Amino acid sequence: MPSILRSGLGSLAIVLAVLAAGPAAAQEGRVPTSVQEMKLSFASVVKRVAPAVVNVYAARVVENRHPLMDDPVFRRFFGGRPQEQVQRSLGSGVIVDPSGLVMTNNHVIENMDQVKVSLADKREFEAEIVLKDARSDLAVLRLKEVSEQFPAIPFGDSDALAVGDLVLAIGNPFGVGQTVTHGIVSAVARTQVGITDYQFFIQTDAAINPGNSGGALVDLSGRLIGINTAIFSRSGGSQGIGFAIPANMVKVVLASAQGGSSVVRRPWLGAKLQAVTAEISEAFGLKRPSGALVGTVVAKSPAERAGLRTGDLIVAIDGTEVDDPNAFDYRFAMKATGGQAQVGVLRSGREIRVAIPLETVPDGPRDARPIRSRSPFQGITAANLSPALAEELRLDVTLQGCAVVEVQENSTARGLGFRKGDVVIAINGEKIVTSRDLERAAGQQNRLWRITILREGKPLSVVFGG
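Heads up: these notes are all about the structure in this document. All residue numbers refer to position in the chain's written sequence, counted from 1. With pLDDT at 70 or above as the cut-off, local features in this predicted model cover only qualifying residues; side-chain atom pairs require 80 or more to be listed or tallied, and sums for whole chains, interfaces and linings still use all residues. Each side-chain value is worked out from all heavy atoms of the structure, with water and hydrogens disregarded.

## Structural notes on the overall build of the protein
Going by this rule: Labels follow the DSSP assignment, with helices taken as runs of H or I lasting at least four residues and strands as runs of E lasting at least two, numbered in each case from the N terminus. By definition in these notes, contact holds between two residues if any of their heavy atoms fall within 4.5 Å.
Regarding its fold elements, the protein presents eleven helices and 27 strands. If you take every contact in the protein between residues at least 6 apart in sequence, the share linking residues at least 24 apart comes to 62%.

## Focus on the side chain of T229
Rule in force here: N or O atoms within 3.5 Å of each other form a polar contact, as long as, within protein, one can give a hydrogen and the other can take it, and as long as residues adjacent in sequence are counted only when both atoms are side-chain atoms.
Turning to its location among the elements, T229 is positioned in strand β13 (residues 224-233). Side-chain polar atoms of T229 contact the side chain of N105, separated by 3.4 Å.

## A few points about helix α11 (residues 435-442)
The criterion, for reference: Remark: exposure states derive from per-residue accessible area (1.4 Å probe, protein chains only) relative to the maximum for the residue type, with buried under 20%, exposed over 50%, and partly exposed in between. Working note: the arc is built from the helix axis to C-beta atom directions.
Restricting attention to buried positions, one finds in α11 the residues S435, D437, L438, A441 and A442. Viewed along the axis of α11, the buried residues span an arc of 155 degrees, placing them on a single side of the element.

## Observations regarding the packing of aromatic side chains
What counts is decided by this rule: Two aromatic rings from Phe, Tyr or Trp, using only the six-membered ring of Trp, form a pair when their centres are within 6.5 Å; if the ring planes differ by under 30 degrees the pair is stacked, by over 60 it is edge-to-face, and anything between is tilted.
Counted according to the given criterion, the structure contains seven aromatic pairs. Between the aromatic rings of F200 and Y330, the centroid separation amounts to 4.1 Å while the plane-to-plane angle is 10 degrees, which identifies the pairing as stacked. Of the two residues, F200 sits in the loop between β10 (179-190) and β11 (201-204) while Y330 sits in helix α8 (residues 325-333), which places them 130 residues apart along the sequence. Taking 5.2 Å as the distance between ring centres and 40 degrees as the angle between the ring planes, the aromatic pair formed by F377 and F418 counts as tilted. A residue pair is termed long-range when its members are at least 10 positions apart, and F377 in the loop between β21 (369-370) and β22 (380-384) and F418 in the loop between α10 (412-416) and β24 (423-427) qualify at 41 residues. For F377, a relative accessible area of 0% gives the class buried. Note on F418: relative accessible area 5%, which makes it buried. Ring pairs connect the aromatic residues F377, F418, W449 and F464, which therefore count as one cluster.

## Overview of helix α5 (residues 247-258)
Just so we agree on the cut-off: An expected span of 1.5 Å times one less than the residue number is assigned to each helix.
Between the first and last C-alpha of α5 there are 16 Å, a value that for twelve residues agrees with the 16 Å anticipated at 1.5 Å per step. Of the residues one or two after α5, G260 is the one with positive phi, at around 90 degrees.

## Let's talk about the pattern of salt bridges
For clarity, the threshold we go by: Any Lys or Arg side-chain nitrogen located within 4 Å of an Asp or Glu carboxyl oxygen qualifies as a salt bridge.
In the structure shown here, the tally under the stated rule is 19 salt bridges. Here R123 makes a salt bridge to E148, at a shortest N to O gap of 2.8 Å. In this pair, R123 sits in the loop between β6 (114-118) and β7 (124-133) while E148 sits in the loop between β8 (138-143) and β9 (166-171), placing the two residues 25 residues apart along the sequence. Here R123 falls in the partly exposed class, since its relative accessible area comes to 34%. Take E148: its relative accessible area is 32%, and that puts it in the partly exposed class. Taking the shortest distance from any N to any O, the salt bridge between R455 and D422 comes out at 2.7 Å. Here R455 is found in strand β26 (residues 448-455), whereas its partner D422 is found in the loop between α10 and β24, with 33 residues between them in sequence.

## Considering the environment of Q199
Its location among the elements puts Q199 in the loop between β10 and β11. A C-alpha to C-alpha distance of 7.2 Å links Q199 and Y330, two positions 131 residues apart in sequence.

## A word on the side chain of S136
Along the chain, S136 turns up in the loop between β7 and β8. Among the polar contacts listed, one links the side chain of S136 to the side chain of D133, at a separation of 2.5 Å. Not counting chain neighbours up to four residues away, the residues in contact with S136 comprise T196, Y198, I245, M249, V253 and R266.

## Regarding the nonpolar core
The criterion, for reference: Nonpolar cores were defined as sets of buried Ala, Val, Leu, Ile, Met, Phe, Trp, Tyr and Cys residues, with membership established by side-chain atoms within 4.5 Å.
Within the largest apolar cluster, 47 residues are counted, with the highest numbers of intra-cluster contacts made by V56, M103, V117, L138, V140, I153 and L224. Residues in contact with L224, not counting those within four places in the same chain, are V94, V96, I153, P154, F155, G156, A216, L217, V218 and A247.

## Details of empty space enclosed by the protein
Short version of the rule: In this analysis the probe radius is 1.4 Å and the grid spacing 1 Å, with only protein atoms considered; a cavity is a set of points the probe fits into but cannot get out of, a pocket is an open set with protein on both sides within 12 Å along at least five of seven lines, and lining residues have an atom within 4 Å of a point. Grid points are joined across faces, edges and corners, and a volume is the space filled by probe spheres set on the points. Gly is put with the polar residues, along with every residue not named as nonpolar or charged; the nonpolar set is Ala, Val, Leu, Ile, Met, Phe, Trp, Tyr, Cys and Pro, and the charged set is Asp, Glu, Lys and Arg.
For the structure shown, the criterion picks out one cavity of 30 Å³ or more. In terms of lining residues, the largest cavity is bounded by S136, T196, Y198, F200, F201, I245, P246, M249 and Y330. Of the residues belonging to the lining of the largest cavity, the class tally is seven nonpolar, two polar and no charged.

## Here we look at the environment of A382
One can find A382 in strand β22. Judged by relative accessible area, A382 falls into the buried class, the value being 0%. Excluding anything up to four places from it in sequence, A382 contacts D367, A368, R369, C402, A403, S435 and L438.

## Here's the deal with the environment of R48
Mapped onto the elements, R48 comes out in helix α2 (residues 43-49). Judged by relative accessible area, R48 falls into the partly exposed class, the value being 47%. Between the alpha carbons of R48 and A152 there is a distance of 9.7 Å; along the sequence they are 104 residues apart.

## Quick notes on the pairing of strand β5 (residues 101-105)
This is how it is decided: The criterion for strand pairing is that DSSP finds at least two bridges linking the strands in question.
In terms of burial, β5 is largely enclosed, as five of its five residues are buried. The pairing of β5 with β8 spans five bridges and is classified as antiparallel. Its bridge partner being in β8, N105 is matched across the sheet by L138.

## A closer look at the pairing of β7
Here four bridges tie β6 to β7, and the two strands are oriented antiparallel to one another. Following the sheet pairing, V115 is matched in β7 by A127. Taking the residues that link successive antiparallel strands as the turn, the β6-β7 hairpin has five residues, and the phi of K122 there is positive, at about 75 degrees. Bridge count for β7 against β8 is six bridges, and the pairing is antiparallel.

## A few points about unusual backbone geometry
Located in the positive-phi region is N111, a residue other than glycine, with phi close to 65 degrees. Relative to the helices and strands, N111 is located in the loop between α4 (106-109) and β6. Even without being glycine, R394 reaches a positive phi, approximately 60 degrees. Looking at the secondary structure, you find R394 in the loop between α9 (387-392) and β23 (402-407). Exposure remark for R394: the relative accessible area of 40% places this residue in the partly exposed category.

Okay, structure coming up:
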């Protein structure tokens, strides 16, 4: 079956080459007209861009600890010490600031505590993780103890890309050494890919293979217009379909890091949107299915206070048309907090404008509690679910309950299948609302555990022996 693969073994940059000398402007939409033009080389752009593409090496030390090691009787009879194991991850990155700031994919350095960056000239530097943003699958690194200026790729406008623009891939797929391939941008604004929260990708047919996560997509002038994040593959190798995160989203994440924040502050809508079907399109009198239908509106949210209603059809934001909910989420997430966004809405057969205040999602006391008592929950960390935490965990902001925010390796809970993002709503018939509720329930001595959780929006009931 085909699958979406995040490629994280090497260093890759996707670049667009200058076909002929000229000003740094948008790509000219024409085909070669002579044999001489067919002989033009991409070498000058490769030479200029390649020094800003780096390899990212990440690692962490984990203990192979049997869950029964927590039992003093087991330790007494079987003894032994936990064995340490080093987990490694390799990917690529792009220097976006001469001071040594590097953009890469979050999945390359996720859960890692040791990061090194290798430059194109083979020098290596320790790096610190400045910011991680799982929702966009982006991360910002900073080279440690450096005082020099590094080659950096300037940003371009990813919205200016067009299908058919030429691309070059420069990197180290499969660890074979630096390699250059070329292709075209085969789609823009690609949604429903299922990689990150913001489904709005640049698609290319340039040969991309495992080992390319964090590479750069640049325009004809060598400007960054995307960060590579995944490939679509039946075999695990390149099938001519690769995806990059648009540079305009990358700018938002980088700006947060440069402003001193360790998280990305985005505006919160407070409404659940759904795709427009052919039947809904016909009911609204649309020529084609497009837009984002408002399914539910969260109480006291910016959407409710602005007057957005269930059944409204969002068709534009600040003058830009919206094709589907993913496109709206991407455009809305690009807005800076403060001020308002003018949202075009179809309601009762006419289009109106709704001014949505651009506010950050509210948070509350999370009261994170590690569960250590002998129970099916041993090894998890539980926290009160707030709208902010729900967004971080990619959950419905209307949910109530106690969220699992961490599951320790080789713990009882991990062995039983608990995952980060599970929401515990009941234990042995008792409703669970807070982390304190879960800690108290987990501390009881039960012969049987009847547990109800929500996973990916669906209830799941399980029974464990005590």
